[in-house]
Each structure stands twice: as C-alpha cells, then as structure tokens.
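Chain by chain, the residues run as shown.
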Amino acid sequence: QVRLLESGGGLGQAGGSLRLSCTASGTFEKIYAMAWCRQAPGRKRELVATVTSGGATKYAASVKGRFTISRDNTKNTTYLDMNQLTPEDSAVYYCLTSKRPTALDYGLTYTWEFDEYDTWGQGTQVTVSS
C-alpha cells in the first residue's frame, strides 16, 4: 500500500504563490506518475498536473503557465508550485499516484484520466483571498 501525505496548503493571496508537497510512503514497487487534482464546492473535480518518473508533465488548461509540477524521486515527493493565484484556485488539492504506467508514462498526451491513478491522499485545503 502507498500512503500519500500532502502539505503546504493554507491561505494564499491573489497574485501570490504557494507550494504544495506530497510524499509517498509505505510498501510499493514503484511509483510511475504523480499528480495533483483539486475539488472545489460546486465544481467538477479536475486533474491539475501530472509528472512521470521520467519528468514528462501535463497540465490542465486552467493552470498551465501558472503552476509547475516537479518531483524528487529520491524522496518519493512531488511538488506543485502555484503562482499567480486567483480565488478560483481555492479548493482541496489531492495528491495522486499510479503504481502502473499511465498514458503519459508512454508518451501519450491525448488522454488523461482519473482512473489511471490508484492512490489518493487525504487532501490539503488551499484558500486564496482576493
């Protein structure tokens, strides 16, 4: 089993920045893709960003150019650097990982699905004030 622990959530200011971290622990053979999604009240849950073990990334259009996902494989940790924050970025952010290759791990970018990820963290709240 993989346990994911997110941190770094809290209150941010519009136009400001915030960094989220997610560290995986437990028993697992390998983590392929690591990702972030978010859930806001009244909004559909959306995948925000993904990074493969090889460093390939994919972003939602709503955050592309503002957010950056990265990972440190030696620490089993992924980071989401959020910049140019807006109140619309307020949500619970979840860390997701896959113990199997995802489409992005194969270099395919035309598909991006929640069901590619098998482990979820408990989430961390991000609130952006205007």
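Quantities reported herein were computed from a predicted structural model and do not represent experimental measurements.

*Asks:* I'd like a description of unusual backbone geometry, backed by residues and values.
*Replies:* Of note in the backbone geometry, Asn76 takes a positive phi value of approximately 50 degrees without being a glycine. Examined against the element boundaries, Asn76 turns out to sit in the loop between β7 (67–72) and β8 (77–82). Residue class for Asn76 comes out partly exposed when judged on its relative accessible area of 29%. One non-glycine residue, Gln84, adopts positive backbone phi at about 50 degrees. Note that Gln84 resides in the loop between β8 and β9 (91–97).

*Asks:* Go over the state of the cysteines, please, and point to the residues and values.
*Replies:* A complete count under the given rule lists one disulfide for this structure. Disulfide partner of Cys22: Cys95, at an S-S distance of 2.0 Å. Linking Cys22 and Cys95, the disulfide has an S-S dihedral of approximately -80 degrees and is accordingly described as left-handed. With Cys22 in strand β3 (residues 18–26) and Cys95 in strand β9, this pair connects stretches of sequence that are 73 residues apart. Among the residues examined, Cys95 registers a relative accessible area of 0% and is labelled buried. In this model Cys37 remains outside any disulfide bridge; the closest cysteine sulfur is found in Cys95, 9.0 Å from its own. The exposure class of Cys37 is buried, given its relative accessible area of 0%.

*Asks:* Tell me what's going on with the packing of aromatic side chains, and back it up with residues and numbers.
*Replies:* The final tally for this structure, using the stated rule, is two aromatic pairs. With a centroid separation of 5.9 Å and 20 degrees between ring planes, the pair formed by Phe114 and Trp120 is classed as stacked. Looking at Trp120, the relative accessible area reads 32%, which means it is partly exposed. The structure contains a cluster of three or more aromatic residues connected by ring pairs, namely Tyr94, Phe114 and Trp120. When the ring centre of Tyr79 is taken as reference, the NZ or CZ atom of Arg19 above it lies at 4.4 Å.

*Asks:* Account for the environment of Cys22, with residues named and values stated.
*Replies:* According to the relative accessible area criterion, Cys22 is buried, its value standing at 0%. Taking the C-alpha atoms as reference points, Cys22 and Gly121, 99 residues apart in sequence, are found 8.3 Å from one another. If we ignore the near neighbours within four places in the chain, the residues touching Cys22 are Leu4, Leu5, Glu6, Met34, Trp36, Asn76, Thr77, Thr78 and Cys95.

*Asks:* Describe in detail the sheet that holds β3, supporting the description with residues and values.
*Replies:* Across the sheet, which stays open at both edges, the four strands sit in the order β1-β3-β8-β7 with antiparallel pairing between neighbours. Each of the sheet's edge strands pairs with one partner strand only, and the pair in question is β1 (2–7) and β7. Pairs of neighbouring strands in the sheet enclose a mean axial angle of 15 degrees, with direction left out of account. Direction of pairing for β7 relative to β8: antiparallel, over a ladder of six bridges.

*Asks:* Could you give an account of the pattern of salt bridges, with specific residues and numbers?
*Replies:* In this structure the tally under the stated criterion is five salt bridges. Note that Arg19 is salt-bridged to Asp81, the shortest N-O span being 2.7 Å. Here Arg19, found in strand β3, pairs with Asp81, found in strand β8; they are 62 residues apart in sequence, far enough to count as distant. Since its relative accessible area comes to 42%, Arg19 is described here as partly exposed. Arg38 is paired through a salt bridge with Asp89; the nearest N and O atoms lie 2.9 Å apart. Placement of Arg38 in strand β4 (residues 34–39) and of Asp89 in the loop between β8 and β9 is noted, with a sequence separation of 51 residues between them. On the accessibility criterion, Asp89 (1% relative accessible area) is buried.

Rules used throughout
- Residues numbered from 1 in each chain as written.
- Predicted model: local features only at pLDDT ≥ 70, side-chain atom pairs only at ≥ 80, totals over all residues.
- Heavy atoms only, no water.
- Helix = DSSP H or I, 4+ residues; strand = E, 2+ residues; numbered from the N terminus.
- Buried < 20%, exposed > 50% of the residue type's maximum accessible area, 1.4 Å probe, protein only.
- Disulfide = S-S within 2.5 Å.
- Phe/Tyr/Trp six-rings, centres within 6.5 Å; stacked < 30°, edge-to-face > 60°.
- Lys NZ or Arg CZ within 6 Å of the ring centre and 35° of its normal.
- Contact = heavy atoms within 4.5 Å.
- Pairing = 2+ DSSP bridges.
- Axes fitted to C-alpha atoms, helices over the stretch in contact; angles between N-to-C directions.
- Salt bridge = Lys/Arg side-chain N within 4 Å of Asp/Glu carboxyl O.

Read these as layout, nothing more, since geometry by itself doesn't imply function.
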